[in-house]
Protein chains: 2
Amino acid sequence: MTPTITAFERSPDRGKGQARDMRVRWALEEVGQPYDVRLVSFSEMKQPAHRALQPFGQIPTYEEGDLALFESGAIVFHIAERYASLLPEDANARARAITWMFAALSTIEPPILERESTGYLERDKTWYAERLLMLEDRIRNRLGDLSRRLGKADWLDGAFSAGDLVMVGVLRRLNGSGLLEEFPNLAAYVARGEARPAFKRAFDAQLAVFTAASSG
Amino acid sequence: MTPTITAFERSPDRGKGQARDMRVRWALEEVGQPYDVRLVSFSEMKQPAHRALQPFGQIPTYEEGDLALFESGAIVFHIAERYASLLPEDANARARAITWMFAALSTIEPPILERESTGYLERDKTWYAERLLMLEDRIRNRLGDLSRRLGKADWLDGAFSAGDLVMVGVLRRLNGSGLLEEFPNLAAYVARGEARPAFKRAFDAQLAVFTAASSG
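Residues numbered from 1 in each chain as written. Chains lettered and ligands numbered in written order. Predicted model: local features only at pLDDT ≥ 70, side-chain atom pairs only at ≥ 80, totals over all residues. Heavy atoms only, no water.

**Brief notes about the overall build of chain A**
From N to C terminus, chain A includes nine helices and four strands. Ordered by position from the N terminus, the helices and strands of chain A form the series β-α-β-α-α-β-β-α-α-α-α-α-α. A compact globule built from 216 residues should have a C-alpha radius of gyration of about 17 Å, and chain A, at 17 Å, falls within 12% of that. Its C-alpha atoms give chain A principal-axis dimensions of about 50 × 45 × 30 Å. Intrachain contacts of chain A at a sequence separation of at least 6 include 68% that bridge at least 24 residues. If you sum the accessible surface of chain A, you get close to 9100 Å²; carbon and sulfur atoms cover 52% of it. Separation between the mean location of the 28 positive side-chain charges and that of the 30 negative ones in chain A comes to 3 Å. (Helix = DSSP H or I, 4+ residues; strand = E, 2+ residues; numbered from the N terminus. Rg over C-alpha atoms; globule rule 2.2 N^0.38 Å. Contact = heavy atoms within 4.5 Å. Areas by Shrake-Rupley, 256 points an atom, 1.4 Å probe, with all protein chains shown as cover. Lys, Arg positive; Asp, Glu negative; His and termini not counted. Charge placed at Lys NZ, Arg CZ, Asp CG, Glu CD.)

Have a look at this one:
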């Protein structure tokens, strides 16, 4: 059964692949599962029909038969459990890969998102410049710890896993900030993820949506 | 094999059960698995020996034979997978329960933590009062959505699950803020979680550590 995901009708990042459908598309491409996409506008996202699928009025959602899921982390995990290749077979290695998914979403992403939302919500405030520096130091602390753990390895724990997929998806939110470049092994790690054929197919698919919306 | 978790030698919340070992203790109590606790000081947490277990120098960690995990979400999930009762057997219901774990950690907790860290890091700043109001509105938006979804149900999706355990753990970080009380069904939901015998055993265990440290 072909799953259906939702994505922005017009992505606010102008097709840079920062919206969270990107992580789900990438996971589906990694496991070789075709999917359908239903595009939703910003106003549709806040309506009851969409909120029945996504209580917080966001994208992506995932529908497969009578299963409906939300939260990109949960959807990637579902895809990783349902199909082979994104989680190791060994039970301990599998638990560690899942740990990196949670670490990406609970420990690394929050200060990165806070920096973004400060950019949206506080840019005109007197405190913006000072607070931005504080936030960037919080991000650097996390990146420093992650950089030390990754060391010279290609991926966080053995072969590429759903943990790396989510972590690369989180870290590439820093593209353009200059912060990632302060940690060359993390920048190389993100580049390694972005070079995967499945990433490229997913990226091109979300970019095509934005391009079509802009020219339409 | 009895697992060993780590917890603060002296909890910064003075035994209110807000440190993240609480969620792991609660999960272990729900499934009836005894556990050992190794207490770590703030300086030990930042040393290489602890960082080998927890790259970000935090608690809790979880060791069981040759398996070592970190991130409370990942540990609760591991416990829920390894033992019965915290995840439904039906595959779709199980995926939805896991979705609520991710929603608690990725969607609900970040603005709550941001409010806490603002309290620690920005209390002396000129902007503190104004920013606190902005953050509280961000939290209210999330709580409003969650409150509508919960409605009159006891738990988020059928029977109590790991999703509820993590969500209650996240929401009770708001204890004392007054925010939870604006959404009576969420306040009742948290109270329902806190009334579970397993919660109480876990709470008493972490409080006993603080009490012993304070009188020692």
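**Some points on unusual backbone geometry**
That bond from Ile59(A) to Pro60(A) is cis: its omega, 0°, falls within 30 degrees of zero. Assignment of secondary structure puts Pro60(A) in the loop between helix H3 (48–53) and strand S3 (61–64). Here the phi dihedral of Arg14(A) falls at roughly 60°; this positive angle occurs in a residue that is not glycine. On the secondary structure map, Arg14(A) appears in the loop between strand S1 (4–8) and helix H1 (21–31). Here the phi dihedral of Glu71(B) falls at roughly 75°; this positive angle occurs in a residue that is not glycine. For Glu71(B), the position within the fold is in the loop between strand S4 (67–70) and helix H4 (72–82).

**Examining the side chain of Glu122(B)**
Here Glu122(B) is to be found in the loop between helix H5 (91–121) and helix H6 (128–150). The exposure class of Glu122(B) is buried, given its relative accessible area of 2%. At 3.1 Å, the side chain of Glu122(B) and the side chain of Arg131(B) are in polar contact. If we ignore the near neighbours within four places in the chain, the residues touching Glu122(B) are Arg131(A), Met134(A), Ser117(B), Trp127(B), Tyr128(B) and Arg131(B). (Buried < 20%, exposed > 50% of the residue type's maximum accessible area, 1.4 Å probe, protein only. Polar contact = N/O pair within 3.5 Å; in protein donor to acceptor, adjacent residues only side chain to side chain.)

**Concerning the pairing of S3(A)**
All names here are of chain A. The pairing of S1 with S3 spans two bridges and is antiparallel. By the bridge assignment for S3, Ile5 is matched with Tyr62. As paired elements, S3 and strand S4 (residues 67–70) share four bridges and run antiparallel to each other. Looking at S4, one finds that Tyr62 is bridged to Leu69. Linkage of S3 to S4, two consecutive antiparallel strands, is achieved through a turn of two residues, within which Gly65 is found at a positive phi near 60°. (Pairing = 2+ DSSP bridges.)

**Side note on the domain arrangement of chain A**
Residues and elements named next belong to chain A. When its domains are assigned, chain A resolves into domain 1 (4–85 + 198–215) and domain 2 (91–195). Distance from the C-alpha centre of domain 1 to the C-alpha centre of domain 2: 21 Å. Each partner contributes to the interface: domain 1 provides 17 residues, whereas domain 2 provides 19 residues. For the domain 1 and domain 2 pair, buried surface summed over both sides reaches about 1500 Å², with 59% attributable to carbon and sulfur atoms. Among the residues of domain 1 in contact with domain 2, Gln18, Arg23 and Trp26 are the three that bury the most area, contributing 41% of the side total. Remark: the boundary between domain 1 and domain 2 carries three salt bridges. The interface formed by domain 1 and domain 2 holds five residue pairs in polar contact (both at pLDDT 80 or more) in total. The element contributing the most residues to the side of domain 1 that touches domain 2 is helix H4 (residues 72–82), with five residues. (Domains from an automatic or database assignment. Buried area = accessible area lost by both parts, 1.4 Å probe. Salt bridge = Lys/Arg side-chain N within 4 Å of Asp/Glu carboxyl O.)

**Looking at the UniProt feature "domain: GST N-terminal" (unreviewed entry) in chain A**
Per the UniProt record, the feature "domain: GST N-terminal" (unreviewed entry) sits at residues 8–87 of chain A. In the segment residues 8–87 of chain A, helix accounts for 40% and strand for 18%; the C-alpha atoms at its two ends are 28 Å apart. (UniProt positions renumbered as here; feature names shortened; annotations may be inferred.)

**Observations concerning the packing of aromatic side chains**
The full count for this structure, using the stated rule, is 19 aromatic pairs over all chains. Ring plane angle 85° and centroid distance 5.0 Å describe the contact between Phe77(A) and Phe77(B), whose orientation is recorded as edge-to-face. With one member in each of two chains, Phe77(A) in helix H4 and Phe77(B) in helix H4 form a pair that bridges those chains. Considered together, Phe77(A) and Phe77(B) belong to a single accessibility category, that of buried residues. When the ring centre of Phe160(A) is taken as reference, the NZ or CZ atom of Arg196(A) above it lies at 3.6 Å. (Phe/Tyr/Trp six-rings, centres within 6.5 Å; stacked < 30°, edge-to-face > 60°. Lys NZ or Arg CZ within 6 Å of the ring centre and 35° of its normal.)

**Focus on the packing of helix H6 (residues 128–150) of chain A against H5(B)**
Following both chains from N to C, one finds H6(A) and H5(B) inclined at 110°, their axes separated by 13 Å at the closest point. Overall, the two elements H6(A) and H5(B) adopt an arrangement that is roughly perpendicular. With respect to the hand of their crossing, H6(A) and H5(B) are arranged in right-handed fashion. For the pair formed by H6(A) and H5(B), the contact residues are Arg131(A), Met134(A) and Arg138(A) on the first element and Glu114(B), Ser117(B) and Leu121(B) on the second. Residue composition of the contact of H6(A) with H5(B), by class: two nonpolar, one polar and three charged. (Axes fitted to C-alpha atoms, helices over the stretch in contact; angles between N-to-C directions. Parallel < 35°, antiparallel > 145°, perpendicular 65-115°, else oblique. Left-handed = near helix turned anticlockwise from the far one by under 90°. Nonpolar A, V, L, I, M, F, W, Y, C, P; charged D, E, K, R; others polar.)

**Details of the relation of the copies chain B and chain A**
Take chain B, turn it by 180°, move it 0.0 Å along the axis, and it overlays chain A with an RMSD of 0.0 Å. The two molecules are tied by a two-fold rotation axis, judged by turn and shift. Interface overlap between copies: 100% of the residues of chain B at the interface are likewise at the interface in chain A, consistent with a symmetric, same-surface contact. (Least-squares fit on C-alpha atoms with pLDDT ≥ 70 in both.)

**What about the interface of chain B and chain A?**
For interface size, the figure often reported is the accessible area lost on association. With 47 residues of chain B at the contact, the number on the chain A side is 47 residues. Roughly 4100 Å² is buried in total at the junction of chain B and chain A, and carbon and sulfur atoms are behind 59% of that figure. With a shortest N-O distance of 3.1 Å, Glu114(B) and Arg131(A) are connected by a salt bridge. At the junction of chain B with chain A, the criterion picks out 20 residue pairs in polar contact (both at pLDDT 80 or more). When residues of the side of chain B that touches chain A are traced back to their parent elements, those giving at least two are helix H3 (48–53), S4, H4, H5 and H6 of chain B. Of the residues forming the side of chain B that touches chain A, the biggest block, 18 residues, is contributed by H5(B).

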